[in-house]
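So you can see what is in the structure, the chains are spelled out below.
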Amino acid sequence: MKFFPYSLLALAMVASSAMAMPSTTTIHLIGTPDKGRTSDQLVHGVAPVPLSSRATEDASQEWLQTGIAPSLVGTNGQVMYPYGQSRLTITCAPLHICVINLMTGEHITNMSIGDSVRWLVQSAGAGDRPVVVVKPTAAGLVTNLVVTTDAGRVYYMTLVSDAHDYVPLVGFYDPQQLVINMQQQAAQARAAEQAKAEARRKAVVAPMGSIDPASLDFDFTCKADDGHADLENADLKPVRVFAGGGHTYLQMPPDMKYTDAPAVFSVTNGQTELMNSRLVHGYYIIDGLPQTFKLVIGVGNAARSVTCRHGQAGGGGWFSGR
């Protein structure tokens, strides 16, 4: 990569301009094309933050809510401009280089600078990020620079030169694209969660491996506790109970989806122990093969419960609630 060529006449003009322009010239921004704060003024007027994906995402959310995307000043001295949201003016200095980082994943297709005699400009690359390097030959200069890329972006920049104050590093972020990316990621996460939930719903019972359905044990009886009529516990009493493959399965009545899910306790010698269980598509799946267990809803005097026992249904194939 080479700087744009200069003729002998152009070099003479540069030398003449440099001699005529004292190094202490001060730039007055009133009347410059953007009429806004320069990169140097931003550095001195905006609180610096660590530049990261979180910083640009927060700035993009601010743009989404207010319609205004802020320019960011990094703790490393870099100024980050929102692409297409501000009229930027970059302050450079003679004998110093200004580095302009464009956005990743694009390539420069054209560069045009208004004053190609007193400004040096070249393109470079840093990984998948295109970079533009500019350097003024004197203080007190004002020009503009347009860079186009294969991503369809057009970067319009005003360049000014100052003998003392300058910002050596500027960059860009695209709030609109970042918001689109965040929305797409959120949609993908929701879709993945919905897919998992659908997979869980379709898994009617826990994996039963190669268990022969004929070997399933349906020998269970369930009755309401504490003298409550079975009718009062119709929403709590299983339609049928069977066991196999190290699990006990309770098919619950359809009305249970409108009530609180019961807790399941194993009962051994009068002692109760909470069991691991989960509700899958209308079936309660209990990890284990308890001989006696309770389904309990509520606490204290308001508690209701149903007790199920193994070996008292007479070996019937379907549980009838007898």
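Residues numbered from 1 in each chain as written. Predicted model: local features only at pLDDT ≥ 70, side-chain atom pairs only at ≥ 80, totals over all residues. Heavy atoms only, no water.

Draft legend 1. Local environment of the packing of aromatic side chains. With the rule as written, the count across this model stands at seven aromatic pairs. Between phenylalanine 218 and phenylalanine 242, the aromatic rings sit 5.1 Å apart at their centres with planes inclined by 35°, giving tilted as the arrangement. Taken as a pair, phenylalanine 218 in the loop between α4 (175-202) and β11 (220-224) and phenylalanine 242 in strand β12 (residues 240-244) lie far apart in primary sequence, 24 residues in all. Here the two residues phenylalanine 218 and phenylalanine 242 agree in accessibility, since each one is buried. (Phe/Tyr/Trp six-rings, centres within 6.5 Å; stacked < 30°, edge-to-face > 60°. Helix = DSSP H or I, 4+ residues; strand = E, 2+ residues; numbered from the N terminus. Buried < 20%, exposed > 50% of the residue type's maximum accessible area, 1.4 Å probe, protein only.)

Draft legend 2. Representation of the sheet that holds strand β5 (residues 108-113). Spatially, the four strands line up as an open sheet ordered β3-β9-β8-β5, and their pairing is mixed. Edge positions in the open sheet fall to β3 (89-92) and β5, since each of these has one partner strand only. Within this sheet the neighbouring strands show an average axis-to-axis angle of 25°, counted without direction. (Pairing = 2+ DSSP bridges. Axes fitted to C-alpha atoms, helices over the stretch in contact; angles between N-to-C directions.)

Draft legend 3. Local environment of the pattern of salt bridges. One pass over the full model with this rule turns up six salt bridges. Among the ionic pairs, arginine 118 bridges to aspartate 115, the shortest N-O distance being 2.8 Å. Assessed through its relative accessible area of 28%, arginine 118 is described here as partly exposed. (Salt bridge = Lys/Arg side-chain N within 4 Å of Asp/Glu carboxyl O.)

Draft legend 4. Summary view of the state of the cysteines. What the rule picks out here adds up to two disulfides. What pairs with cysteine 92 in a disulfide is cysteine 98, and their sulfur atoms sit 2.3 Å apart. When the S-S torsion is -135°, as for the bridge of cysteine 92 with cysteine 98, the disulfide is left-handed. Among the residues examined, cysteine 92 registers a relative accessible area of 0% and is labelled buried. For cysteine 98, a relative accessible area of 1% translates into the label buried. Residue pairing for cysteine 222: its cysteine sulfur links by disulfide to cysteine 308, the two sulfurs lying 1.9 Å apart. Looking down the S-S bond of the cysteine 222 and cysteine 308 bridge, the torsion is 110°, so its handedness is right-handed. With cysteine 222 in strand β11 and cysteine 308 in strand β19 (residues 304-310), the pair connects residues that are 86 residues apart, well separated along the chain. Each member of the pair, cysteine 222 as well as cysteine 308, is classed as buried. (Disulfide = S-S within 2.5 Å.)

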